[in-house]
Amino acid sequence: MRFFEKRFKKRFFSSIRTKFVIVYVLVNIISLQLIGLFFTTQLRTSNVNTFEQNIIEQEKILNYHIREELGKSTDTNNDNSKVLSDGLNQDSTVGNNGESKSEIAKLVSEFNIQKLLLVSVIDNESKILATSSKNGNDEYLAKRSFDPLVSQVIKTGESIKQIQNNADTNKRVWIYVSPVKKDNEVIGVISLMADIESVYQEVNGISKIFIVGTVLSILITTVIGFVASKTVTSSIEKMSSQVKKMALGNYGTVVGINTDDEIGDLAKVFNQISKRIEEEQAVTETERRKLATIIESMMDGIITTDNNGRIILINTSAEDMLGGRDDEIFIGKDALKILNITEYESIEEILEAEDSLLVSASKSDDDLLLRAEISKIVKEDTGDLTQMSTELEGYIIVLYDVTDQERQEKERREFVSTVSHELRTPLTTMNSYIEALEEGVLEDKELAPQFIDTIHKETTRMIRMVNELMQLGKMDIKEEHYEKEFIDINKMLEQITDRFALTHPEKNFIKHIPKSPIFVEGDQDKLTQVFDNIVNNAIKYSPDGKNITVRVRQNYHHNRVSISIKDEGVGIPLVHIDKIFNRFYRVDKSRQRSMGGTGLGLALAKTIVEAHKGRIWAQSREGYGSIIFVTLPCEQIDDEWL
């Protein structure tokens, strides 16, 4: 819960709407504060100036009357001084001064201005002549004033105004001390004290009203700011939502923004860009699917790597060539390790040495041989067409299955070598015997017939080898013609077995051949050649007195007939069992040659059986004999067709 609260707070304070409102409100607050500060300052200054000006104007009137009274007193004193000097009576002087003070006190008492607290009249000797205080006659009159402002005015002749705090009430009061002059001579001082605290209180009251108005204005501004910001940010939120959808592959348009302002223009441009991106993405996706389909359907293996040789793309053919399992992941692995290339440390080294190389995908002897052709992927620089880009982005490795080509090439070399050897040996023997006959052995009645018989056998063997090679060659190029007809395979095997039994009475033939006919569609001469070769091999490799078993079984469900010919000879080692059907392949070459074999019989038999849509294979156990199996398609024919 705290996580979502923090997330909400972070999101709230970082949103554009909140920032807009905060800036809007701050601008309003600062503006109102500046206006309020200026307004209250000017209002306070204006009220204080008005307050002071009113009192100063009234003081000028009082100053005039005080100056007249003090002037009379001064003139009277001067006249009295003359009289005294002439010896006149002094009582008249005292009377005149008393009348002048009484008149001044009357003027002071009648000087009534609102908010005026105290009015004092002081002569030029700092004696208080009159005051507006109720007990002024008792406490202040005829006493000396020690006010420093009064002393300063008497000395300078300039009026002074000052705001002070009243020690009794702790309120601000306005002090105004003005000189009373006659003939530019200070003859007295008027001191005024007024209550200016009320002026400041009025300004403070107005300031409070302004503060309340400012708070209300801020609240209203905040509401208006949120409403106004929503009209702007809602459009941005719609575009932001659409951008998020675009990131997920939904290239729609921004709906609900139809204004004619900058946001509306931005939305129109955004919709155009979204549509353009959608079109380009569709084209790119189509091209990507085409390319992926092409790559996946290629028989050749395709591997794409980065510039460090790490696999970033591999098609199914390449995975099959490399023996990949369904759960095996090649992406991200080193291509050289996957291809078992250890003689090079990097793909760049391979390119420097050769454009392609032959690799083996596994460590077994019967593995696939792959031809790997490597090319670079260079980044295309469209900025400057005059400069060729050299920035490497990766490599493409194309794998070709050359197993059959290499195998055929190997077989071709072995075949040529074997044929050459097979022909050279009897020709050498014949040449030696012919030379011996020419040198006089022909006259020898014992050796001559032996030499001629050997030459005849070798010639017959070479003729048979050449004929079998020609027959195999025709079969390879599909030129061998088959005269197919329905043959009773049981009858044909009976005849072959009986024929070999007559010519080889030292062998024991055991037959398990059904009496009912089994018909196979095929060439009787070719099939006879197959079984002659198999039975002949069984006779060759079976010691005298051993059994040769011929068995025929029919699979009615699959319409197949199975023929097996078993001997009790030396057997075939397991490592050779799958190779005896190769051309010129011999388990024991010396023994085979002494028996007159060519090494082509079983290869020819396999080709003929497969041409009849059959199958031939062998089972053997060394020292216990071998079994050759042949399966052929058969037909069930009713008696009425016989």
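Remember, predicted model here, so these are calculated numbers, not experimental data.

A. The environment of F39, seen in detail. Relative to the assigned elements, F39 resides in helix α2 (residues 16–86). With 168 residues separating them along the chain, F39 and S207 place their C-alpha atoms 8.9 Å apart.

B. The arrangement of the confidence of the model for the chain in detail. Averaged over all residues, the pLDDT of the chain is 77; the fraction at 70 or higher stands at 79%. In the model of the chain, helix α15 (residues 589–594) stands out as the element of lowest mean pLDDT, 47, in contrast to strand β15 (residues 560–566), which has the highest, 92. Note that pLDDT drops below 50 for residues 81–94; the model gives that stretch 6 contacts with residues more than four away or on any other chain. This model gives residues 590–596 a pLDDT under 50, and the stretch forms 17 contacts once residues within four places in sequence are excluded.

C. Molecular detail of the sheet that holds strand β7 (residues 311–314). Sheet architecture is open: 5 strands sit in the order β7-β6-β10-β9-β8, paired in antiparallel fashion. Each end of this open sheet is capped by a strand with a single partner; those strands are β7 and β8 (356–360). This sheet shows a mean twist of 25 degrees between the axes of neighbouring strands, independent of strand direction. Of the pairings in the sheet, the one linking strand β6 (residues 301–306) to β7 comprises 3 bridges and is antiparallel in character. Residue pairing in the sheet places T304 in a bridge with L313 of β7.

D. Just the sheet that holds strand β1 (residues 116–123), in detail. Spatial strand order, β2-β1-β5-β4-β3: 5 strands in an open sheet with antiparallel pairing. Each edge of the sheet is formed by a strand with only one pairing partner; in this case those strands are β2 (128–131) and β3 (160–165). Pairwise comparison of adjacent strand axes, ignoring direction, gives a mean angle of 20 degrees for this sheet. Across 7 bridges, the pairing between β1 and strand β5 (residues 185–195) is antiparallel. By the bridge assignment, I122 is partnered in β5 with V189.

E. The pattern of salt bridges, seen in detail. One pass over the full model with this rule turns up 12 salt bridges. Where K507 meets D544, a salt bridge forms, and the shortest distance between an N and an O atom there is 3.1 Å. Taken as a pair, K507 in the loop between α13 (489–503) and β12 (508–512) and D544 in the loop between α14 (524–541) and β14 (547–555) lie far apart in primary sequence, 37 residues in all. The class for K507 is buried, based on a relative accessible area of 8%. A salt bridge links D523 to K526, with the shortest nitrogen-to-oxygen separation between them at 3.8 Å. Connected through salt bridges with shared partners, the residues E285, R288 and R289 form a single ionic network.

F. Layout of the nonpolar core. Judged by nonpolar contacts, the single largest core of 39 residues is most densely connected at I489, F531, I534, V561, I565 and I616. Where this core is concerned, the elements lending two or more residues are α13, α14, β14, β15, α16 (601–611), β16 (615–621) and β17 (625–633). Among the elements that make up this core, the one with the highest residue count is α14 (7 residues). Excluding anything up to four places from it in sequence, I616 contacts I534, F581, A605, K606, V609, I628, F629 and V630. In terms of nonpolar packing, the next biggest core, distinct from the first, is built from 27 residues, L62, V119, V121 and I190 among them.

G. Representation of helix α6 (residues 197–247) within the structure. The terminal C-alpha atoms of α6, which comprises 51 residues, lie 70 Å apart, in line with the 75 Å expected from a rise of 1.5 Å per residue. Along α6, the largest kink reaches about 35 degrees and is centred on T231. A positive phi of about 100 degrees marks G249, the residue just after α6.

H. The arrangement of the packing of aromatic side chains in detail. Considering all chains together, one arrives at 3 aromatic pairs under this definition. Note on W617 and F629: the rings are 5.2 Å apart at their centroids and 15 degrees apart in plane angle, and the pair reads as stacked. Residue W617 is located in strand β16, and its partner F629 is located in strand β17; the two are separated by 12 residues in the primary sequence. A residue is classified by how much of its surface remains accessible, and W617, at 22% relative accessible area, is partly exposed.

I. Molecular detail of unusual backbone geometry. Not every positive phi belongs to a glycine, and S126 is a case in point at roughly 65 degrees. Within the element layout of this structure, S126 appears in the loop between β1 and β2. Even without being a glycine, K613 presents a positive backbone phi close to 60 degrees. Note that K613 resides in the loop between α16 and β16. Using a relative accessible area of 66% as the deciding quantity, one classes K613 as exposed.

J. The arrangement of the environment of L437 in detail. One can find L437 in helix α11 (residues 403–438). Overall, L437 belongs to the buried group, its relative accessible area being 14%. Sequence separation between L437 and F451 is 14 residues, and the spatial gap between their C-alpha atoms is 7.8 Å. Sequence-distant contacts of L437, defined by excluding residues within four places in its chain, comprise L442, A448, F451, I452 and I455.

K. Structural view of the packing of α13 against α14. As a packed pair, α13 and α14 sit with axes 10 Å apart at the nearest point and diverge in direction by 40 degrees. What the angle tells us is that α13 and α14 run oblique. Helix-helix and strand crossings are classified by hand; for α13 and α14 the assignment is right-handed. Contacts from I489, M492, L493, I496, R499 and F500 of α13 reach α14 at Q524, L527, T528, F531, D532, V535, N536 and I539.

L. Structural detail: the packing of α6 against helix α7 (residues 262–297). Running from N to C, α6 and α7 cross one another at 10 degrees; their axes reach a closest spacing of 11 Å. By the criterion of interaxial angle, the relationship of α6 to α7 is roughly parallel. Packed against α6, whose contacting residues are S235, M239, Q242, V243 and M246, the element α7 presents I263, L266, A267, F270, S274 and I277 at the interface. Tallied by class, residues from the contact of α6 with α7 come to 8 nonpolar, 3 polar and no charged.

M. Region of interest: the side chain of K507. Within the structure, the side chain of K507 is placed 3.1 Å from the side chain of D544, a separation counted as a polar contact. Residue contacts for K507: discarding those within four places in its chain leaves I539, S542, P543, D544, K546 and I548.

What counts as what
Residues numbered from 1 in each chain as written. Predicted model: local features only at pLDDT ≥ 70, side-chain atom pairs only at ≥ 80, totals over all residues. Heavy atoms only, no water. Helix = DSSP H or I, 4+ residues; strand = E, 2+ residues; numbered from the N terminus. pLDDT = per-residue confidence, 0-100. Contact = heavy atoms within 4.5 Å. Pairing = 2+ DSSP bridges. Axes fitted to C-alpha atoms, helices over the stretch in contact; angles between N-to-C directions. Salt bridge = Lys/Arg side-chain N within 4 Å of Asp/Glu carboxyl O. Buried < 20%, exposed > 50% of the residue type's maximum accessible area, 1.4 Å probe, protein only. Core = buried A, V, L, I, M, F, W, Y, C linked by side-chain atoms within 4.5 Å. Expected span 1.5 Å × (residues − 1). Bend = angle between axes of the 7 residues up to and from the residue. Phe/Tyr/Trp six-rings, centres within 6.5 Å; stacked < 30°, edge-to-face > 60°. Parallel < 35°, antiparallel > 145°, perpendicular 65-115°, else oblique. Left-handed = near helix turned anticlockwise from the far one by under 90°. Nonpolar A, V, L, I, M, F, W, Y, C, P; charged D, E, K, R; others polar. Polar contact = N/O pair within 3.5 Å; in protein donor to acceptor, adjacent residues only side chain to side chain.

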